[in-house]
Amino acid sequence: MEPDVWELYRQMLRSRLLETAVARLWQAGDISGEMHLGTGEEAAVAGVVCQLTDGDALALDHRGTPPLVMRGLNLVALLREMLGLPGGLGGGQGGHMHLFSQEHLAASSGIVGAAGPMAVGFALANRQLRPGKIAVAFFGEGAMNQGMLLESLNLAVVWQLPVVFVCKDNGWAIATESALVRGGTLADRAKGFGLAPIAVDGWDVTAVWFVAQDVIARARLGEGPAFLHVHCAHLEGHFLGDPLLQMWRRPAQAMLPAAGPLARALLQGDGAPLRERLTNLKWVLSLVRKSQKDHQNPCTDPLTCTRALLLADEPRLQRLEEAVCREIELAVDTAVASQAGSE
Ligand SMILES: Cc1ncc(C[n+]2csc(CCOP(=O)(O)OP(=O)(O)O)c2C)c(N)n1
Ligand SMILES: [Mg+2]
């Protein structure tokens, strides 16, 4: 089968516009706590999620919004959850990191690595109760240092469970470059459990779709788990207001509050030798530069890459985009109106 790129783009855009609205609500103070968006992951997610059918399960990390939007969850209930309102997916108690839908067999967790055990549990249940149905786990490359995720890879192989593990590799775990805290490679780790890792370009939704089509079909037939290693970038950094991004997006605002403490730390008499302190300062600045390089590349937006495939029919593209805008605006207006009503 061939992918329906129009539908893939539609789902990616629904997710992007909803998360853009979430960012506005968060900036206005209507959503409390940290906010991790999945902007930049849409192709990695759509290529897999758009092939799921009723009874398939989703185990998600702290960036659960895009897969749930694409899986068809009620957008108003999703937004109400983030706004902390009754009528949210979890009664407004869980927030954006703990989204849950029994109907869609979908759950997310803010505990890094928890998508692994959840997916194994879902897959075991599916094999017993709904043969032919699978589970998908989405997690970051940082989670590959978590024991429970590695145990899950092991168990899935030993029990030949129908799980597709999708490792979304943006190269960062908060402000830590993952390559600096990892022994060996992710691919070799997966191979160590007997999995055959498949590397995919997370900006190319059709590439993800084709690879996912194959591994999902195998899992449905009982041929066991798969491991996709999908490269991607987070357009907003780790979370909204990410200091690494702010330092180059708004250097004056971000650096000013740090200037005093940094100067005092450099000038004070005790503590580490000055050379060591300067080396550490240089290291922090190099992280800022690295973050800038990772995020300023115009090719880092999977929506732009996918949209380019559809430009041959601009009127259809315009109709699609207008319809998605209307859908998201209506969902946001409804959720926010219910917020006003509940105050
Ligand atoms: C068990 C656990 N340890 C640490 C954290 C704090 N934490 C939240 S997100 C994160 C980084 C995760 O990196 P990665 O898995 O690559 O996902 P990304 O944020 O890049 O999508 C960490 C360490 C946590 N939530 N849970
Ligand atoms: Mg990461």
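Residues numbered from 1 in each chain as written. Chains lettered and ligands numbered in written order. Predicted model: local features only at pLDDT ≥ 70, side-chain atom pairs only at ≥ 80, totals over all residues. Heavy atoms only, no water.

**Observations regarding the site of ligand 1**
- Around ligand 1 sit 16 residues in total, of which His62, Arg63, Gly110, Gly142 and Trp172 are the nearest.
- At a separation of 3.1 Å, an oxygen atom of ligand 1 approaches a polar side-chain atom of Glu141.
- In this structure, Ala143 approaches ligand 1 through a main-chain N or O atom, which is 3.0 Å from an oxygen atom. (Near = heavy atom within 4 Å. Polar contact = N/O pair within 3.5 Å; in protein donor to acceptor, adjacent residues only side chain to side chain.)

**Observations concerning the coordination of the magnesium ion (ligand 2)**
- With distances of 2.1 to 2.6 Å, the protein atoms coordinating the magnesium ion (ligand 2) are Glu141 (OE), Glu141 (OE), Asn170 (OD1) and Trp172 (O).
- Angles of 51 to 172 degrees at the metal separate the six donor atoms of the magnesium ion (ligand 2), which places the site in the irregular class.
- Here the donor residues of the magnesium ion (ligand 2) are spaced in sequence according to E-x28-N-x1-W. Of this pair, Glu141 sits in the loop between strand 4 (135-140) and helix 6 (147-158) while Asn170 sits in the loop between strand 5 (163-169) and strand 6 (172-173), placing them 29 residues apart in sequence. (Donors = N, O, S within 2.8 Å, 3.2 Å for Na, K, Ca; no water. Tetrahedral: all angles 85-135°; square planar, octahedral: opposite > 155°, others 65-115°. Helix = DSSP H or I, 4+ residues; strand = E, 2+ residues; numbered from the N terminus.)

**Things to note about the sheet that holds strand 8 (residues 198-201)**
- Taken together, seven strands build an open sheet; the order of strands is 2-3-1-4-5-9-8 and the sheet is mixed. Two strands close off the open sheet at either side, each with one partner strand: strand 2 (100-101) and strand 8.
- Bridge analysis of strand 4 against strand 5 gives six bridges, and the strand direction is parallel. What sits directly across from Phe139, in strand 5, is Cys167. (Pairing = 2+ DSSP bridges.)

**What about the side chain of Ser178?**
- If you trace the backbone, Ser178 turns up in the loop between strand 7 (176-177) and helix 7 (186-192).
- Residue Ser178 is classed as buried on the basis of its relative accessible area of 4%.
- Other than its neighbours up to four places away in sequence, Ser178 contacts Glu141, Gly142, Gly171, Trp172 and Ala173. (Buried < 20%, exposed > 50% of the residue type's maximum accessible area, 1.4 Å probe, protein only. Contact = heavy atoms within 4.5 Å.)

**Some remarks on the packing of helix 2 (residues 42-49) against helix 8 (residues 205-220)**
- One way to put it is that helix 2 packs onto helix 8 with a least axis distance of 8 Å and a crossing angle of 35 degrees. Here helix 2 runs over helix 8; the crossing is right-handed. Mapping the contact onto sequence places Ala43, Ala44, Ala46, Gly47 and Val48 in helix 2 and Val205, Val208, Trp209, Ala212 and Ile216 in helix 8.
- Counted by class, the contact of helix 2 with helix 8 contains nine nonpolar, one polar and no charged residues. (Axes fitted to C-alpha atoms, helices over the stretch in contact; angles between N-to-C directions. Left-handed = near helix turned anticlockwise from the far one by under 90°. Nonpolar A, V, L, I, M, F, W, Y, C, P; charged D, E, K, R; others polar.)

**A closer look at the pairing of strand 4**
- The buried count for strand 4 comes to six of six residues, which makes it a mostly enclosed element.
- In terms of strand pairing, strand 1 (residues 57-60) meets strand 4 through three bridges, oriented parallel. Following the sheet pairing, Ala59 is matched in strand 4 by Ala137.
- The parallel pair strand 4 and strand 5, bridged by helix 6, forms a crossover whose chirality is right-handed. (Right-handed = clockwise from strand over helix to strand, strands pointing away.)

**Considerations on the domain arrangement of the protein chain**
- According to the domain assignment, the protein chain consists of domain 1 (5-235 + 301-342) and domain 2 (244-296).
- Facing six residues of domain 1, the contacting portion of domain 2 comprises eight residues.
- Three residues stand out in domain 1 for area buried against domain 2, namely Trp172, Glu177 and Leu235, and they jointly supply 64% of the buried area on that side.
- Scanning the region where domain 1 abuts domain 2 turns up one salt bridge.
- Between Lys290 and Glu177 there is a salt bridge, with its nearest N and O atoms 3.4 Å apart.
- Applying the counting rule to domain 1 against domain 2 returns three residue pairs in polar contact (both at pLDDT 80 or more).
- Within the side of domain 1 that touches domain 2, the residues separate by chemical class into four nonpolar, one polar and one charged. (Domains from an automatic or database assignment. Buried area = accessible area lost by both parts, 1.4 Å probe. Salt bridge = Lys/Arg side-chain N within 4 Å of Asp/Glu carboxyl O.)

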